[in-house]
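# Summary of structural features
The chain contents come next:
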Amino acid sequence: MHCLVVAVFAGVLTSAPVLAQQDAASRGERDFRACMPCHSLEPDRNMTGPSLAGLWGRKAGSLESFERYSDALKSSGIIWDDRSLDAWLTDPDRMVPGNDMPFNGIKDGHARADLLAFLKEATKPGPEPQRNARAPMGGMGGMMGGMMGGGGRDPDLKSLEPSMQVKAITYCHDTYRVTTADGKTGAFWERNLRLKTDSGRDGPHSGAPALVPAGMMGDRADVIFAAPDEISKTIEGRC
Ligand code: HEC
């Protein structure tokens, strides 16, 4: 009986710090939502901001696949580690005046510590480390995945359902009419149809632009092309 009690007690003692760490990381994963619209954890998947994969030990402004760094960040000489990242996330403008990250900072020290605990694991190099790191967190990871698939990230533009495959676009006065592969044609006020390009991994095949609904009312959409020269080639001025 005693042995059992001791064993159970010892078990609690050894697992408590591990659990505490996991708690911090999963709180941090929640805080990472503030960063997700602009930063991915996948290598070289850049959005508004650079991918954060492999962040620790990296020189600031040095990710070669990201072409939009400010001169201020590039010439800052910072190497990213626990301390520099804590200062950056406290107040980016104070640490690197003139940087281009539109983010005010996180003033709560606990929240920063949690976020860094999560990021340190999730940005470790290796084969798909962030996915593996997320798996044990179960519900949370699944929810984040769902969120990214449903709202934040675009659908897979390389294998589109017919209702999203653009076949033709005409332009008449102030109206675009977009015909899709399911045979339907939708009309959009010109200010409500956004023409975008994505030449990257997430973009459509060339010559196969995608119609992606935007907003709640069904009156707005994006057409995403693989390259800018496709835009005027696809749109025919005709009433
Ligand atoms: C609205 C978009 C946006 C949000 C939100 C955002 N960032 Fe950024 N981030 C950027 C941009 C843009 C840059 C590049 C800044 C520059 O070049 O001056 C950047 C740069 C960085 C860098 C430097 C990376 C490098 O390669 O040197 C880190 C680290 C970083 N962000 C972390 C975060 C974290 C963590 C969060 C969430 C708490 C966050 N960012 C929120 C857009 C954003």
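## Some words on the nonpolar core
Ranked by size, the top nonpolar core spans 24 residues in total, and within it Phe 32, Leu 41, Leu 73, Trp 80, Leu 115 and Leu 119 carry the most contacts. Among the secondary structure elements, those contributing two or more residues to this core are α3 (82-90) and α5 (109-122). Here this core takes 6 residues from α5, the largest share from any one element. If near-sequence neighbours (up to four positions away) are discounted, Phe 32 is found in contact with His 39, Leu 41, Leu 52, Leu 115, Phe 118 and Leu 119. Counting residues in hydrophobic clusters, the runner-up holds 12 residues, among them Val 166, Ala 221, Val 223 and Ile 235.

## Comments concerning the site of the ligand
Around the ligand, the structure places 27 residues, and the nearest of them are Cys 35, Cys 38, His 39, Tyr 69 and Met 101. In this structure, an oxygen atom belonging to the ligand sits 2.5 Å away from a side-chain N or O atom of Ser 70. Residue Trp 80 places a side-chain N or O atom 2.8 Å away from an oxygen atom belonging to the ligand. Of all elements in the fold, only α3 and α5 reach the threshold of two or more residues within the shell around the ligand. Per-element accounting of the shell around the ligand gives the leading share, 3 residues, to α3. For the shell around the ligand, a count of residues per class yields 19 nonpolar, 6 polar and 2 charged.

## Considerations on the sheet that holds strand β1 (residues 166-172)
Here we have 4 strands laid out as an open sheet, ordered β3-β2-β1-β7, and mixed in their pairing. Taken across any chain shown, the strands that pair with only one partner, and hence form the sheet edges, are β3 (185-189) and β7 (235-237). Strand-to-strand, the axes of this sheet are offset by a mean angle of 25°, without reference to chain direction. Relative to strand β2 (residues 175-180), β1 runs antiparallel, the two being bridged by 6 bridges. Looking at β2, one finds that Ile 169 is bridged to Val 178.

## Overview of unusual backbone geometry
Negative phi is the rule for most residues except glycine; trans is the rule for most peptide bonds. Its identity as a non-glycine residue notwithstanding, Asp 44 has a phi of 60°, on the positive side. For Asp 44, a relative accessible area of 47% translates into the label partly exposed. The backbone of His 173 sits at a positive phi, close to 50°, despite the residue not being glycine. On the secondary structure map, His 173 appears in the loop between β1 and β2.

## Section: α3
Along α3, the positions that sit buried rather than exposed are Ser 84, Leu 85, Trp 88 and Leu 89. All buried residues of α3 fall inside an arc of 125° around its axis, so they share one side. Elements that come into contact with the buried residues of α3 comprise α2 (71-74), α4 (92-95) and α5. Among the residues of α3, the N-terminal cap falls to Asp 81, whose side-chain oxygen and the backbone nitrogen of Arg 83 are separated by 3.1 Å.

## Quick look at the coordination of the iron atom of the ligand
The protein atoms that coordinate the iron atom of the ligand are His 39 (NE2) and Met 101 (SD), at distances of 1.9 to 2.1 Å. Coordination geometry of the iron atom of the ligand: the 6 donor atoms subtend angles of 84 to 179° at the metal centre, consistent with an arrangement described as octahedral. Linking His 39 in the loop between α1 (2-31) and α2 with Met 101 in the loop between α4 and α5, this pair joins segments that are 62 residues apart in sequence. With a relative accessible area of 12%, His 39 lands in the buried category.

The rules we used
Residues numbered from 1 in each chain as written. Predicted model: local features only at pLDDT ≥ 70, side-chain atom pairs only at ≥ 80, totals over all residues. Heavy atoms only, no water. Core = buried A, V, L, I, M, F, W, Y, C linked by side-chain atoms within 4.5 Å. Buried < 20%, exposed > 50% of the residue type's maximum accessible area, 1.4 Å probe, protein only. Helix = DSSP H or I, 4+ residues; strand = E, 2+ residues; numbered from the N terminus. Contact = heavy atoms within 4.5 Å. Near = heavy atom within 4 Å. Polar contact = N/O pair within 3.5 Å; in protein donor to acceptor, adjacent residues only side chain to side chain. Nonpolar A, V, L, I, M, F, W, Y, C, P; charged D, E, K, R; others polar. Pairing = 2+ DSSP bridges. Axes fitted to C-alpha atoms, helices over the stretch in contact; angles between N-to-C directions. Arc of directions from axis to C-beta. Donors = N, O, S within 2.8 Å, 3.2 Å for Na, K, Ca; no water. Tetrahedral: all angles 85-135°; square planar, octahedral: opposite > 155°, others 65-115°.

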